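Structural overview
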Amino acid sequence: TYCEVHEHPNPLNTMTARTKPTIALGPTGNAQGTHKFFCLTNGTLLKRNDWTEYPMPDSVIRKVNNWGKKSMQPEESFEFSNRNKTPYSWNADVDNLLHLT
């Protein structure tokens, strides 16, 4: 799902962006309702509990495809890893979601 996660800059009266474009990856499982998001701006993993869902525009689909090509991902999967190139344990959950659609 395409989402804009909300940032809460401090101080609030700056020109700093207050949202970031992301793809929702799923809940973290904590009591606060935090979810994991793939940031389309810089490719990082974000954890937030405040976001707004939007319809998925074609530009976002192209951007996600470009991220996959840059990281040399196979066409049928998309694996996320940390800065040490260690895959996250929840990659199988993401693969299952991708193959359900």
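Below is a short write-up of the structure.

**What about the pairing of strand β1 (residues 2-6)?**
With respect to burial, β1 is a largely interior element, 4 of its 5 residues being buried. In this sheet, strand β2 (residues 19-27) lies alongside β1 in antiparallel orientation, the contact comprising 5 bridges. Bridge assignment links glutamate 4 to a residue of β2, and that residue is proline 21. In terms of strand pairing, β1 meets strand β5 (residues 51-53) through 3 bridges, oriented antiparallel. Bridged to cysteine 3 within β5 is glutamate 53.

**Looking at the side chain of threonine 34**
Relative to the elements of secondary structure, threonine 34 occurs in the loop between β2 and β3 (35-39). Take threonine 34: its relative accessible area is 12%, and that puts it in the buried class. Among residues more than four places away in sequence, those in contact with threonine 34 are Pro27, Thr28, Gly29, Lys47, Arg48 and Asn49.

About the cut-offs
- Residues numbered from 1 in each chain as written.
- Predicted model: local features only at pLDDT ≥ 70, side-chain atom pairs only at ≥ 80, totals over all residues.
- Heavy atoms only, no water.
- Buried < 20%, exposed > 50% of the residue type's maximum accessible area, 1.4 Å probe, protein only.
- Helix = DSSP H or I, 4+ residues; strand = E, 2+ residues; numbered from the N terminus.
- Pairing = 2+ DSSP bridges.
- Contact = heavy atoms within 4.5 Å.

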